[in-house]
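# Structural overview
Chain by chain, the residues run as shown.
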Amino acid sequence: MAAARRQLLGLEGLDPHLAALDSQLRVLEDRFAAMETKMHVLESKVADRATDEEGPRPPTVTYSGDPALAGYLQRMNEIQGWLLLVDALIMSGIDSYQREHHVRGDLLEIGVYHGKSAILMGYFHRGPERLVVCDLFMTNGSTEENMHENQSYYQGINRSVFEDNYRLFHTELPTILAKPSSAISDLEPQSFRLIHVDGSHVYEIVREDLHNTHRLLCDGGIVIIDDWRTGHTPGVAAATWDAILHDGLAPICFTDQKLYGTWTPSRAPSREEIQRWTQASPSMNIETVRLLDRDVHWVVDGPVPIDTFGT
């Protein structure tokens with residue numbers, strides 16, 4: 001009956017057209033679904049870009065020590081510079097370890113840039129201890145190679161930027177030596193417990209900095225050498241290995257950016273101590289390697305590369 005009515009009304013001729021329209025509708029629905037997917041992806045990218053423009057995300061860290069220091073660990077990426085969380089935790093751990101073992105003395109940083117690590121070290125000194133920073137605060141250098149390095153990597157550095165950044169977190173400025181790092185040779189021998197060498201990358205200058213550091217560090221003192229294995233700073237690597245092989249510097253631990261060593265290895269912290277320092281961040285891992293008849297500890301923010309040790 002229905003078929004006869006369709007034939008009587010002449011609707012049968014529309015069936016092919018209706019089928020074609022239905023097929024086209026399905027194609028449009030599929031395209032619309034694909035456009036919705038692309039829209040979600042674009043919205044996600046825009047949100048990520050907005051977050052990046054707001055600045056680096058704060059590090060994931062739960063530090064149980066000094067509340068003011070814990071606050072800086074959360075905010076330190078507000079200051080321009082290259083201090084990584086793994087190194088900030090190790091430096092903070094060294095300070096706690098030295099105070100627990102009655103290692104007393106001043107603190108020194110060679111090369112401050114915008115103050116990211118100097119601000120951290122500003123939380124370390126107690127009582128009569130002082131923080132001393134040494135930097136030229138200009139693009140001139142003590143040698144032609146040093147001047148070229150400064151002009152290539154450190155344009156725009158000036159003392160006021162450092163001081164303004166430092167005052168964001170501390171009420172009093174450290175002792176400032178606006179001089180070449182060779183000026184630290186005038187400081188009192190064996191009066192420092194922690195020295196961060198983060199100035200020139202020129203071999204001769206770093207070698208002199210480490211020579212002076214050896215003289216300045218007290219019993220139980222520790223030196224931190226920045227950029228010891230960075231690709232564009234072979235002069236730092238050469239001076240570091242020179243100190244290890246010929247001047248008795250004993251490596252304690254290292255990260256991809258910094259090496260930590262001492263000239264009094266009998267007072268060096270153990271693997272267990274270092275592991276305790278890094279527990280503030282769940283992503284830290286430690287691998288112990290044997291180097292020159294000593295255990296040296298590699299601290300990594302993230303998984304240790306498996307192929308490095310063939311396991």
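So, a few notes on the structure that sits alongside this text. (Residues numbered from 1 in each chain as written. Predicted model: local features only at pLDDT ≥ 70, side-chain atom pairs only at ≥ 80, totals over all residues. Heavy atoms only, no water.)

## Points about the overall build of the protein chain
Along the backbone of the protein chain there are 11 helices and 9 strands. When burial is assessed residue by residue, the protein chain has 44% of its 311 residues classed as buried. Within the protein chain, contacts between residues at least 6 apart in sequence are counted, and of these 67% link residues at least 24 apart. In the structure as shown, the protein chain presents an accessible area of about 17000 Å², 53% of it carried by carbon and sulfur atoms. (Helix = DSSP H or I, 4+ residues; strand = E, 2+ residues; numbered from the N terminus. Buried < 20%, exposed > 50% of the residue type's maximum accessible area, 1.4 Å probe, protein only. Contact = heavy atoms within 4.5 Å. Areas by Shrake-Rupley, 256 points an atom, 1.4 Å probe, with all protein chains shown as cover.)

## Structural notes on a nonpolar patch on the surface
A grouping of Trp241, Leu245 and Leu292 is seen on the molecular surface, where their side chains present a nonpolar patch of about 290 Å² in accessible area. Positionally, Leu292 belongs in the loop between strand 8 (284–291) and strand 9 (294–301). On the accessibility criterion, Leu292 (51% relative accessible area) is exposed. (Patch = residues over 30% accessible without salt bridge, like charges linked within 9 Å, V, L, I, M, F, W, Y side chains within 5 Å. Salt bridge = Lys/Arg side-chain N within 4 Å of Asp/Glu carboxyl O.)

## Structural notes on the nonpolar core
Core analysis: the biggest nonpolar cluster contains 42 residues, and Tyr72, Ile90, Met91, Leu120, Phe124, Phe162 and Leu194 have the highest contact counts within it. Not counting residues within four places of it along the chain, the set of residues in contact with Ile90 comprises Cys253, Thr255, Tyr260, Trp277, Thr278 and Val299. Counting 29 residues, the second largest nonpolar core, distinct from the first, contains Leu187, Val206, Ala243 and Leu259. (Core = buried A, V, L, I, M, F, W, Y, C linked by side-chain atoms within 4.5 Å.)

## Concerning the environment of Gly221
In this fold, Gly221 is placed in strand 5 (residues 217–226). By relative accessible area, which is 2% here, Gly221 ends up buried. With 44 residues separating them along the chain, Gly221 and Pro265 place their C-alpha atoms 9.6 Å apart. Setting aside residues up to four positions removed in sequence, Gly221 forms contacts with Gln98, Val103, Arg193, Gly261, Thr262 and Thr264.

## A look at the pairing of strand 6 (residues 250–254)
Most of strand 6 sits inside the fold, with 5 of its 5 residues counted as buried. Bridging between strand 6 and strand 7 (residues 258–262) involves 4 bridges; their strand directions are antiparallel. Its bridge partner being in strand 7, Pro251 is matched across the sheet by Gly261. Here strand 6 folds back onto strand 7 in antiparallel fashion, the turn holding 3 residues. Pairing analysis gives 2 bridges linking strand 6 to strand 9, with the strands arranged parallel. Among the inter-strand pairings, Phe254 is bridged to a residue of strand 9, identified as Trp298. (Pairing = 2+ DSSP bridges.)

## Some remarks on the packing of helix 8 (residues 203–216) against helix 9 (residues 234–246)
Between helix 8 and helix 9, the shortest axis-to-axis distance is 8 Å and the interhelical angle comes to 35°. In this structure, helix 8 meets helix 9 at a crossing whose hand is right-handed. Where helix 8 approaches helix 9, its residues Tyr203, Val206, Arg207 and Leu210 are matched on the opposing element by Gly235, Val236, Ala238, Ala239, Thr240, Asp242 and Ala243. A class-by-class count of the residues in the contact of helix 8 with helix 9 yields 7 nonpolar, 2 polar and 2 charged. (Axes fitted to C-alpha atoms, helices over the stretch in contact; angles between N-to-C directions. Left-handed = near helix turned anticlockwise from the far one by under 90°. Nonpolar A, V, L, I, M, F, W, Y, C, P; charged D, E, K, R; others polar.)

## Comments concerning the sheet that holds strand 8
Taking strand neighbours across the sheet as the criterion, the 9 strands line up as 3-2-1-4-5-7-6-9-8 in an open arrangement whose pairing is mixed. The strands lining the two open edges of the sheet, one partner per strand, are strand 3 (175–177) and strand 8. Averaged over all pairs of adjacent strands, the angle between their axes in this sheet comes to 20°, without regard to strand direction. Strand direction decides the pairing type here: strand 2 (residues 131–134) and strand 3, joined by 3 bridges, are parallel. Counted as the bridge partner of Val132 is Thr175 from strand 3. Set on the sheet, helix 8 makes contact with strand 1 (106–110), strand 4 (192–197) and strand 5; between it and strand 5 the angle comes to about 155°.

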